[in-house]
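Report on the structure
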Amino acid sequence: MKEEFLARMEAMLQDEYPLFLAMLDQPRFRGVRFNSLKIGKERFQQLFPCELKPTPFCPNAFYLDHDVKQIGNHPLHMSGAMYMQEPSASSAVEILDVKEGDWVLDLCAAPGGKSTQIAEKLAHQGLLIANEIDAQRAQVLMSNLERMGFGEVIVTQAQPKVLCKMCRGWFDKALVDAPCSGEGMMKKHDEAAFGWSVENIRACAKRQLEILMDAADALKDQGFLVYSTCTYAEEENEAVVSQLLAKRNDLILVDCGVNFGRYGFPYDDLESDKVRRIFPMDQGEGHFIAKFQKTAATPTARIIEKSSHPLAKGYREQLEAILTMPEGHYEILHDKIYFRTTPFLDLKNIRVLRQGILCGTIQKQRLEPHHHLFMSSYLYPCFHRICEVTDDEWRHYQAGEELAIGAYFGYTAIAWNSLIVGFAKGNNKVLKNKYPKGLRRKY
């Protein structure tokens, strides 16, 4: 770890520096957050393979013991009933205070921890646009949202400035979990330590301010913007907040309204007691959070809803053979059928990776169901056939093997402890495995 970084931290923390230094030698904090749209708290704790300790940052989050291994292969994870997340990373969305029915923008969304937390709070109402500019990271974001079962989400891959201009004035809430120097991630990622430099900090701060300026344009009058980083650097935290307030007279800094963490550091005339910092001494890795409210309206860009057309009878019948589809809206795009409870939006020249639930792909007039259809927590009560599997059967299913289980004909949801983990196709003799090849794991 670079001496210049440590000298900066010593100057920042003063008497607490020895404790901070000692914490750097400790294993990083690990955590899990359960998805309340798929499982309740008590049931989650019962099914989890070890005892869990609550975190102060989010009521749905727990610390994960360092001895627990391969939890990503556990059916609780593969069913979307939980998300593995560093404990303090859940703090920003708690401060954002999302309500059912809100329109929310997550502008720097990958890998999806905060987006899945937002979507859970929306509870299949309102809208989340989750954006990620990097193509590979955007695919990871989409995969996590799919696994967790969310449908009232639009996943985009766009420059923040372009997206915010097109969505000007749309959102009740916006989150900018900004790309940063990652000082709080040094225990997790060696590149954050080896690539550290003051020059990179300054470059990050410049980019962060630009993204925040764009995000403010996307807010409605009286809407809220939360800015978060996983770095300690004052240049990327208090200084960026101060500069944003100087440039935008339509934003005010508001109190984060939480007790965890600690106040920010004094900077110019910034009300530093309204922002929050989290250090390892606060039982989480490095985080900074600030919350703003917009006090004036931005000219609102027009929201264009796509024309709704009934799904062709043949495709509707094939879907109805699998589940009773609720009322809603359908779109066929590139031989794929999507479903939303509310109308699809026309985002013009924005690259949209996923809008709504991907029900399946059309292949020679036949519908091949998609994993997303079965992972949807909104559609869970609608399936005609659900096969409960044992722990041993789950291991075989996860490995991509057929299940020697009869009495099922047609596409069937596969569930472990009432949590759907995927689907198979029955012929009354066996269940032919339809678990996505990219998710399969040998036992």
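Figured I'd write up the structure that's included with this text.

The rules behind these values
- Residues numbered from 1 in each chain as written.
- Predicted model: local features only at pLDDT ≥ 70, side-chain atom pairs only at ≥ 80, totals over all residues.
- Heavy atoms only, no water.
- Pairing = 2+ DSSP bridges.
- Helix = DSSP H or I, 4+ residues; strand = E, 2+ residues; numbered from the N terminus.
- Contact = heavy atoms within 4.5 Å.
- Axes fitted to C-alpha atoms, helices over the stretch in contact; angles between N-to-C directions.
- Buried < 20%, exposed > 50% of the residue type's maximum accessible area, 1.4 Å probe, protein only.
- Phe/Tyr/Trp six-rings, centres within 6.5 Å; stacked < 30°, edge-to-face > 60°.
- Lys NZ or Arg CZ within 6 Å of the ring centre and 35° of its normal.
- Core = buried A, V, L, I, M, F, W, Y, C linked by side-chain atoms within 4.5 Å.
- Arc of directions from axis to C-beta.

Focus: the pairing of strand β14 (residues 329-333)
By the bridge criterion, five bridges tie β14 to strand β15 (residues 336-340) in an arrangement that is antiparallel. Within β15, the residue paired with Leu333 across the bridge is Lys336. In textbook terms, the turn of a hairpin is the stretch between consecutive antiparallel strands, and for β14 and β15 this stretch comprises two residues, one of which, His334, has a positive phi near 50°.

A short note on the sheet that holds strand β1 (residues 31-34)
Strands sit in the order β2-β3-β1-β4 across an open sheet of four strands; the sheet is antiparallel. Pairing within the sheet leaves two strands with one partner each, and these edge strands are β2 (53-54) and β4 (82-84). Here β2 pairs with strand β3 (residues 61-63) via two bridges, running antiparallel. Its bridge partner being in β3, Pro54 is matched across the sheet by Phe62. Running at roughly 25° to β1, helix α6 (residues 113-122) makes contact with β1 and β4 of the sheet. Against the sheet, helix α7 (residues 135-148) contacts β1 and β4, and its axis sits at roughly 150° relative to β4.

Some details on unusual backbone geometry
For the peptide bond that leads from Ala110 to Pro111, omega is 5°, which places it in the cis range. Considering the arrangement of structural elements, one finds Pro111 in the loop between β5 (103-106) and α6. One non-glycine residue, Asp97, adopts positive backbone phi at about 60°. Of note, Asp97 is situated in the loop between α5 (91-96) and β5. Under the relative-accessibility criterion, Asp97 is labelled partly exposed at 36%. Backbone geometry at His334 places phi at a positive 50°, although glycine is not the residue there.

So, the environment of Asn35
Among the structural elements, Asn35 can be located in the loop between β1 and α3 (41-47). Expressed as a C-alpha distance, the spacing of Asn35 and His77, which sit 42 residues apart in the sequence, is 9.9 Å. With near-sequence residues (within four places) excluded, Asn35 lies in contact with Gly80, Ala81, Met82, Glu120, Met148 and Phe150.

Section: the packing of aromatic side chains
Scanning the model with the defined rule gives 20 aromatic pairs in all. With a centroid separation of 6.1 Å and an interplanar angle of 80°, the aromatic rings of Trp394 and Tyr435 are classed as edge-to-face. A residue pair is termed long-range when its members are at least 10 positions apart, and Trp394 in helix α14 (residues 391-398) and Tyr435 in the segment after β22 (431-433) qualify at 41 residues. Comparing Trp394 with Tyr435, the two get one shared label, buried. Taken together, Phe20, Tyr232, Phe265 and Phe279 form an aromatic cluster joined through their ring pairs. When the ring centre of Phe224 is taken as reference, the NZ or CZ atom of Lys291 above it lies at 4.8 Å.

Quick word on the sheet that holds strand β18 (residues 366-369)
If you trace the four strands from one edge of the open sheet to the other, you get β14-β15-β17-β18, paired in antiparallel fashion. In this open sheet, the two edge strands, each paired with only one partner strand, are β14 and β18. Neighbour-to-neighbour, the strand axes of the sheet open up by a mean angle of 30°, direction not taken into account. Looking at chain direction, strand β17 (residues 357-363) and β18 are connected through four bridges and run antiparallel. Bridge pairing links Gly360 to Pro369 in β18.

Quick look at the nonpolar core
Met9, Phe20 and Ile118 are the most contacted members of the largest nonpolar core, which totals 52 residues. Residues contacting Met9, with those up to four places away along its chain left out, are Gln14, Tyr17, Phe20, Tyr232 and Phe279. If you look at the next biggest cluster of nonpolar residues, it comprises 40 residues, including Leu105, Ala158, Leu163 and Ala290.

Focus on helix α2 (residues 17-24)
For α2, the full list of buried residues reads Tyr17, Phe20, Met23 and Leu24. The buried residues of α2 all sit within an arc of 120° when viewed along its axis, so they share a single face.

Examining helix α11 (residues 238-247)
Regarding α11, the residues found buried are Glu238, Ala239, Val240, Val241, Ser242 and Leu244. Of the surrounding elements, those touching the buried residues of α11 are α10 (198-218), β9 (219-229), β10 (251-254), β12 (276-278) and β13 (287-294).

A closer look at the pairing of β17
By the criterion of burial, β17 is predominantly enclosed, with five of the seven residues buried. Sheet topology note: the β15/β17 ladder contains four bridges and is antiparallel. Residue pairing for β17: Tyr338 is matched across the bridge by Leu358. What sits between the antiparallel neighbours β17 and β18 is a turn of two residues, in which Lys364 has the positive phi angle 55°.

Things to note about the environment of Asp268
Here Asp268 lies in the loop between β11 (262-263) and β12. For Asp268, a relative accessible area of 67% corresponds to the exposed category. A C-alpha to C-alpha distance of 7.8 Å links Asp268 and Ser242, two positions 26 residues apart in sequence.

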